[in-house]
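Listed here are the chains, written in short residue letters.
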Amino acid sequence: MTPSEQPEQPQARALPAWSSQFSPDRLQEIAALGPIGEIDRQWAWGGSHGEGVRVAVIDSGIEHDHPAIEGCARGGTVVEVEDQASGKVRYLDDNPPADIFGHGTACAAIIHAIAPAAELYSVRVIGRDLTGKALQFAGGIRWAIDQGMSIANMSLSTSRSEYYGLFHELADEAYFHNVMLVSAVNNIPAPSYPSLYSSVVSVAAHDGHDPFTYYYNPSPPVEFGALGIDVEVAWLNKSTSVSTGNSFAAPHIAGIIALIRAKHPELTPFQVKTVLLACAANTRPADGSPAT
Amino acid sequence: MSETVPDNERLAAEFRQLLTSIEAAGVALLPASNLELLQTVVEAAAQIFGAAAASICLLDDADQSLEFKVAFGAGRDEVLGMRIPLDRGIAGYVASTGQPIAISNVSQDVRFNQEFAQSTGYVPASILATPLMISDRVIGVMEVLDKIDAVSFGMQDMELLGVFARQAALAIEQAQQMNGLAQVLVNGIDQLLNGGAEGPTLLSEIADEALDHGQAEYQQAMALAGLLFEIGQAGEAEWRLCIDVLTGLRDYLRSRPRFGR
C-alpha cells in the first residue's frame, strides 16, 4: 500500500456525535502557519515503511499466524489482575501471541497494512472476567511504557471516574517516556479515559474509504478522524470481516505515526502530533493553496 | 423478646409475612414486568432496524457470563436462557470493552462464535452490538442481527441502537432500585429484631406500613434506598466510604449508654 496523494471527501451522511465533526458540512479548514505549513506527506513519511518501530496493540490479542499479519507479531503478553485490592497485575508470556476475539488482530492488521515493517506486540488486557478490567487495561499501558514501545494502540477506554487519576498519570508517563498513546474514543459520546487527555492521540471514525485520509479537528477533545466505517479487517481463525467502529479508525492513525517515527525518530510525541496536523486532509498548506 | 415463641421460629414467621406482603404489593414482581418491557424494546429495535432477530443478554456478576434474557425473531427459543462466557463472541467483546461494534461478511468457514452458532442453529451474516450501561458500568449487551435490506449495519444504526440500549438499561436500573428497596426493608426489619422487646410488634407494623405508599416509613425507606443506590453508582471507593461511615455511626450508637431501656 502506498500513501494516497488524492484523499477523498467523505460523503454527506449523518454520523454519530464524536464523528459528526468530520462530516463535510462541519469539517473546518486548518491553517498551518510558518514552517509547519511546509511539512507535507512526502517529508513526513514518504518512503517509510515503519522500519524498526515497535507498536503495542492493547486489545484482545493478536493471532500471530494470521495471513494479514505476515509474521510481524514479535511477542506478546497477557495482563491479569493478581490482587484487586492493591491493583497489582501480573504479566504472562504470550509467545507466539494469540487472540480470543479477533478485534486485536483486526487492529494489528490495519497497522501492518500501513506500516508493513513495523514490529507488532500483542498486549491482551481482556478476558473471561470483567472484575478489574480497568486495572488490566492500565497494566497494559504500563507494559508498553516499560518495554519501550514507540506507539501503543488502544481501542479500549474506561468511563469510570475513579480511574481518571490512574490513567492520567500513565498518559503523562507515556508522554515523558516518548511513548505515543493512540486511542479510539468510545462510540458513545461520554467521557472516556485515557482517550480525552491532551497528550493522547484520540481518534474517531469518518465516513471515507481511503486508509491514508484523515482529518484534524480544531475543536477537541477528539482530535483526529480516520477510516473506520465498513473496513475490511482481519478476524479470528485466519478469517476476514467487514467491521465498523471508532476502534478501527485508531489503528489507521497508529500506522501513519509508525511511518513518521521510523523516518523521523528524533520527533517527540507533540512534534509528531504537529506533523499529523500539518498533513491532515483539511489542513491548508503554507503556499495558500486550498486544503486537499 | 417473646417468652412463648422460640426466637428462630418467630423470626422465620415474621420474614415469611414480610416477604408475602411485599410480593402481594407487587414489589417483587417488578423484575418480571421489566422483562416484558425489555421484550418490547427488543421487538421495537428489530422492527425499526429491519433486523431478522434481536436480543438482550445481561451480565451475571457471580459467574462472569452473559445470559440471554429476552430475544425476538430467528433463533429466539434456542437462545433464551443461554449463557456465554465473556471471552467468547461479539457480545463478550462488547461487554468486555464497553465499545459498540458492527460486523458483517465474516468469511464462510469461521463464524462469530462457532459453538454458540451451532447450538442455536442460527448463524447471522451481520451483527450490531452495543453495551447496556448503568452509569459507567456495563450490565449487558443488546444485539440486532441480520439487517434485511442491507449487507451491514452502519454508524447511524450504531447510534440508534444506543438509544434503545439506554431505554433497556433504564428499565433494568429501575428494577434494581426496587430490589434495593426491598433489601433495605428486610435489613431494617432485621435490625429491629435485634432491637429489644418491642421488636416483634414493630416488625409487623413496619411490614404493614411499608406497603402503604402514603406512610412516612415507606418514603423514608425509598429515600434511603435511592440514596444508597446513588452512592453505590459513584464508584467502589465511594461505596466503601459510605459503608465505613454507616458502620462507624452504628458502632457509635451501639456504644452509647441507652437510658431507659
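Residues numbered from 1 in each chain as written. Chains lettered and ligands numbered in written order. Predicted model: local features only at pLDDT ≥ 70, side-chain atom pairs only at ≥ 80, totals over all residues.

Engineer: Outline the overall build of chain A, supporting the account with residue identities and numerical values.
Structural biologist: Secondary structure assignment for chain A yields six helices and 13 strands. Across its three principal directions, the C-alpha atoms of chain A cover 55 × 40 × 40 Å. Restricting to contacts in chain A with at least 6 residues of sequence separation, those with at least 24 account for 72%. (Helix = DSSP H or I, 4+ residues; strand = E, 2+ residues; numbered from the N terminus. Contact = placed C-beta atoms within 7 Å.)

Engineer: Would you mind going over the sheet that holds strand S9 (residues 215-216) of chain A in detail, with residue names and values included?
Structural biologist: Residues and elements named next belong to chain A. The nine strands lie next to each other as S4-S3-S5-S2-S6-S7-S8-S10-S9, forming an open sheet whose pairing is mixed. Pairing within the sheet leaves two strands with one partner each, and these edge strands are strand S4 (88-93) and S9. By the bridge criterion, three bridges tie strand S7 (residues 180-184) to strand S8 (residues 201-206) in an arrangement that is parallel. In the sheet register, Val182 faces S8, and the bridge partner there is Val201. Contacting strand S2 (54-59), strand S3 (73-83), S4, strand S5 (119-124) and strand S6 (151-154), helix H3 (residues 133-146) runs over the sheet at an angle of about 135 degrees to S3. (Pairing = 2+ DSSP bridges. Axes fitted to C-alpha atoms, helices over the stretch in contact; angles between N-to-C directions.)

Engineer: I'd like a description of unusual backbone geometry, backed by residues and values.
Structural biologist: Residue and element names in this part refer to chain A. Pro96 follows Asn95 through a cis peptide bond whose omega is -5 degrees. Inspection of the secondary structure assignment puts Pro96 in the loop between S4 and helix H2 (103-114). A cis amide bond links Tyr193 with the next residue in sequence, Pro194, at an omega value of 5 degrees. Locating Pro194 in the fold gives a position in the loop between S7 and S8. We note that Lys238 has phi near 65 degrees; this positive angle belongs to a residue other than glycine. Along the polypeptide, Lys238 turns up in the loop between strand S11 (231-235) and strand S12 (239-244).

Engineer: Explain the environment of Ser96 of chain B to me, and be specific about the residues and the numbers.
Structural biologist: Note that Ser96 of chain B resides in helix H4 (residues 89-97). Remark: the alpha-carbon pair of Ser96 of chain B and Gly140 of chain B, spanning 44 residues in sequence, is separated by 9.8 Å. Setting aside residues up to four positions removed in sequence, Ser96 of chain B forms contacts with Ile126, Leu130 and Lys133 of chain A together with Leu86 of chain B.

Engineer: Help me get a handle on the interface of chain B and chain A, residues and values and all.
Structural biologist: On the chain A side, the residues contacting the 35 residues of chain B number 37 residues. Of all elements in the fold, only H4, strand S4 (101-104), helix H6 (155-193) and helix H9 (236-255) of chain B reach the threshold of two or more residues within the side of chain B that touches chain A. Considered class by class, the residues forming the side of chain B that touches chain A number 16 nonpolar, 14 polar and five charged. (Nonpolar A, V, L, I, M, F, W, Y, C, P; charged D, E, K, R; others polar.)

Engineer: Which residues make up the nonpolar core, and what values do they have?
Structural biologist: Of all hydrophobic cores here, the largest spans 144 residues; its most connected members are Val55 and Val182 of chain A. Of all the elements, H6 of chain B adds the most residues to this core, at 10 residues. Dropping the residues within four chain positions of it, Val182 of chain A is found in contact with Ile151, Ala152, Asn153, Met154, Val201, Val203, Ala250, Ile253, Ala254 and Ile257 of chain A. (Core = buried A, V, L, I, M, F, W, Y, C linked by C-beta atoms within 7 Å. Buried ≥ 20, exposed ≤ 12 C-beta atoms within 10 Å, placed from the backbone.)

Engineer: Let's hear about helix H5 (residues 250-263) of chain A: which residues, and what values?
Structural biologist: Look at H5 of chain A: 20 Å from first C-alpha to last across 14 residues, which is about the 20 Å you get at 1.5 Å a residue. The buried fraction of H5 of chain A amounts to 13 of the 14 residues, a majority that puts the element mostly inside the structure. (Expected span 1.5 Å × (residues − 1).)

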